[in-house]
Amino acid sequence: MPWTLYRYIIKEILKLLLPAAVVVMLLISIAAAIKPLIDGLLEPSMLLRFVAYLAPTMLQFALPFAAMFAATQFFARMAADNEITACSASGLSYFLILVPALVLGSALMVGWYYLSNSLVPMFNKRAAEVVKSDVVRMVVTELQKGRAVRFPTSGNWVVYADHAEERALTPAEDKAWVANGARTLPYRVVRLSGVALSQWNRDGTLRREGTAQAVDVFLYNEKGTTLVTFYLHHAVGYDPLRHELVAMGDYWQMPPLQLAPNVSEKPQFLSLSDLRQRLKHPEASLNIQRAKAALVRAMGGDEMARRIEEGINGAPGAGATGRTVQLLAPGDCRYLIQAASARREHNAVLLLSSPRQPVRITWEVGHRPDRQFVARQARLVCGGDEGTPEPRASIDLTDVRVYKIIGQRAGGLRFIPATEAPALSLTPGHWPTAILPYYQKMGLDQLTRVATALERPAPVVTPAQADPVQRSLLELAQTRDQLYRDVVGQLSYRSATALSCLFILVFGAILAMLMRTHTPLVVFFFGFLLVLFCVIIMNTGRSLCSNQDYPYLLGIVIAWSADLILAGATALAYLRLSRN
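Thresholds, definitions, all that
- Residues numbered from 1 in each chain as written.
- Predicted model: local features only at pLDDT ≥ 70, side-chain atom pairs only at ≥ 80, totals over all residues.
- Heavy atoms only, no water.
- Helix = DSSP H or I, 4+ residues; strand = E, 2+ residues; numbered from the N terminus.
- Buried < 20%, exposed > 50% of the residue type's maximum accessible area, 1.4 Å probe, protein only.
- Contact = heavy atoms within 4.5 Å.
- Patch = residues over 30% accessible without salt bridge, like charges linked within 9 Å, V, L, I, M, F, W, Y side chains within 5 Å.
- Areas by Shrake-Rupley, 256 points an atom, 1.4 Å probe, with all protein chains shown as cover.
- Salt bridge = Lys/Arg side-chain N within 4 Å of Asp/Glu carboxyl O.
- Arc of directions from axis to C-beta.
- Phe/Tyr/Trp six-rings, centres within 6.5 Å; stacked < 30°, edge-to-face > 60°.
- Lys NZ or Arg CZ within 6 Å of the ring centre and 35° of its normal.
- Axes fitted to C-alpha atoms, helices over the stretch in contact; angles between N-to-C directions.
- Parallel < 35°, antiparallel > 145°, perpendicular 65-115°, else oblique.
- Nonpolar A, V, L, I, M, F, W, Y, C, P; charged D, E, K, R; others polar.
- Core = buried A, V, L, I, M, F, W, Y, C linked by side-chain atoms within 4.5 Å.
- Left-handed = near helix turned anticlockwise from the far one by under 90°.

Caption draft 1: Here's a closer look at the overall build of the protein chain. Secondary structure summary: the protein chain contains 15 helices and 17 strands in total. Sorting the 580 residues of the protein chain into buried and exposed places 45% on the buried side. Partitioning the contacts of the protein chain with sequence separation of at least 6, the portion at a separation of at least 24 is 67%.

Caption draft 2: Local environment of a nonpolar patch on the surface. A cluster of nonpolar side chains, V22, L26, I30, I34 and I38, forms an exposed patch at the surface whose accessible area comes to about 440 Å². Judged by relative accessible area, I38 falls into the exposed class, the value being 64%.

Caption draft 3: Structural detail: helix α12 (residues 444–453). What α12 keeps buried is the set L444, L447 and A451. Each buried residue of α12 lies within a common arc of 65 degrees when the element is viewed along its axis, so the set occupies one face. The exposed set on the far side of α12, more than 90 degrees from its buried face, consists of R449, T452 and A453.

Caption draft 4: Region of the structure containing the packing of aromatic side chains. Per the counting criterion, the structure on display carries 11 aromatic pairs. Taken together, a centroid distance of 6.1 Å and an interplanar angle of 90 degrees make the contact between W3 and Y6 edge-to-face. With W3 and Y6 both in helix α1 (residues 3–38) and 3 residues apart, the pair spans about one turn of that helix. Their ring planes at 90 degrees and their centres at 5.4 Å tell us that F69 and F524 sit as a pair that is edge-to-face. Of this pair, F69 sits in helix α3 (residues 59–80) while F524 sits in helix α14 (residues 520–546), and the two are 455 residues apart along the sequence. Residue classification places F69 among the partly exposed positions, given a relative accessible area of 27%. A cation over a ring is seen here: R542 above Y493, with NZ or CZ 4.0 Å from the ring centre.

Caption draft 5: Quick look at the packing of helix α13 (residues 468–514) against helix α15 (residues 552–578). Close contact between α13 and α15 brings their axes to 9 Å; oriented N to C, the two are set at 10 degrees. The angle between α13 and α15 places the two elements in the roughly parallel class. In terms of residue class, the contact of α13 with α15 is made up of 21 nonpolar, 4 polar and 3 charged.

Caption draft 6: Structural detail: the nonpolar core. By size, the foremost hydrophobic cluster in this structure holds 68 residues, and its most contacted members are I13, F75, I84, I97 and M513. When sequence neighbours within four positions are dropped, the list of residues in contact with I84 reads F75, M78, A79, Y94, I97 and M513. Among the nonpolar cores identified, the runner-up in size contains 50 residues, and M304, A305, L351 and L426 belong to it.

Caption draft 7: Region of interest: the environment of V158. Locating V158 in the fold gives a position in strand β2 (residues 157–167). The sequence separation of V158 and S198 amounts to 40 residues, and the corresponding C-alpha distance is 5.3 Å. Those residues in contact with V158, other than ones at most four positions away along the chain, are A148, V149, R150, A196, L197, S198 and W200.

Caption draft 8: Up close: unusual backbone geometry. Unusually for a residue other than glycine, H234 sits at a positive phi of about 55 degrees. Looking at where H234 falls in the secondary structure, it is placed in strand β5 (residues 225–239). Classification of H234 as partly exposed rests on a relative accessible area of 39%.

Caption draft 9: Examining the environment of V325 more closely. Tracing the backbone shows V325 in strand β9 (residues 324–329). The exposure class assigned to V325 is buried, which follows from its relative accessible area of 1%.

Caption draft 10: Focus on the pattern of salt bridges. Counting across every chain of the model gives 17 salt bridges. A salt bridge links E364 to R334, with the shortest nitrogen-to-oxygen separation between them at 2.5 Å. Taken as a pair, E364 in strand β13 (residues 359–365) and R334 in strand β10 (residues 333–338) lie far apart in primary sequence, 30 residues in all. Its relative accessible area of 18% is what places R334 among the buried residues. Among the charged side chains, a network of salt bridges with common partners joins E303, R306, R307 and E310.

Caption draft 11: Structural view of the packing of α3 against α13. With their axes 7 Å apart at the nearest point, α3 and α13 run at an angle of 15 degrees to one another. By the angle between their directions, the pair α3 and α13 is classed as roughly parallel. Seen from above, α3 lies across α13 with right-handed handedness. Residue-level inspection shows Q60, F61, L63, P64, A67, M68, A71, T72, F75, A76 and A79 of α3 in contact with α13, the latter providing Y493, T497, C501, I504, L505, F507, G508, A509, A512 and M513.

Below is the structure:
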């Protein structure tokens, strides 16, 4: 074997390949850094560090073009200098001349497969952390430009403000956080004014919305994730159940929101072992954990509604005695609820009255009756949001008479004259015993089976009365399917990209020998077009694999079709070359 010739060919190709890969890689990295720099999301002082971390990740685009450039330029020069003719005259076939290209292409394939599954995800994380390092300035910049900030990983909230500025954490606020048992203190505070907030469902429909005169945004870190807590001043929200505006109070706190998606959840930031773990143990994904928690809350609300219905209709249980149901309220208070009958509508219960038995709710403070509400009917909607330990039932009364209880007598309670109202809402209450721990202990598959097997009441048509368990179950299934699609698409893309390095290098060498009468740049141009087409196909396949509107197999087939095209082009070019 002509080892001296092979060492010479490999050495000369590497002399062209490495500089070309570095130049293309840096150019793409700098181009990718321009947009966040212009948008104010990246400080000029961080530009070099961002490019340094981003550059290795751009090898997926730079390496195919650099391999095509090196192969076409070197073998075109060999053909122009009659070195190919000399090798053929010495008894070497075209296949033996191409052996160094095959060896180097195989080395590139194995090397890139290793890099794309180990080092590149790590650099991807570092680059993302550089952009997120000054997350407060990002938020303030977006809001000051009149843009809304979206929190897609925390209930899909969207926040808009007329003005935003940073302020210092006051000593009183610092003490309040410590008094509340916070594990980490806020490191930044942003004051927003003229604020509008909205929450959207996965299908793009509006779930809730509201406004506030001012909002204090506290940012803090927990388990490597940046969280924000909103404190709303003079907030007003729209209640879709009652179709009216509701004042939230002078000072209202929202559950913590995640400022940006955790980089560990995106497949491009995961190594090969991490991706395989996602397939084996999907519950390790934070997105799956959030979807599972939402399903647990929905099932808890459904279970609470079932218990209320059974208690009112005469099936005694925990917290229910005959036709009386007990709900606990904040501040050592409780409700004693009585009604003629109850009808459940998924997580809602409609309490009905009769001529002899109106809907009667007694409010007790410290086990002493304080008020009694007598209504024609009542609607209890059971459920919870992020941050609520147990499901709560909102209580909406219709045609209400309110009695103030001033004492007790032998025949019952003593009242003062009643006040009347067409509608009234009471503070939400929760079931006397814990409901959620039973569901929280279940695994993902067991919870899904239990939720699927739940006995459902008759379907309703209003969106406000839609079944939250089925909706949460569907969202969990979609999240799980999305995780599988992302992981499989990323694995296929990395493997297809690695294999393409082998075909590109060999095809470039064959093309240069086949087009020996043309200049090297012309040869590279034709090779460049094929590589560009295949890179676009592979990225399109990865995108289609993650798109739930298409079968994921279609995306995999399209991603791998690029390698089939390269293999076919290489085989056809070699057949034409071998005829000479």
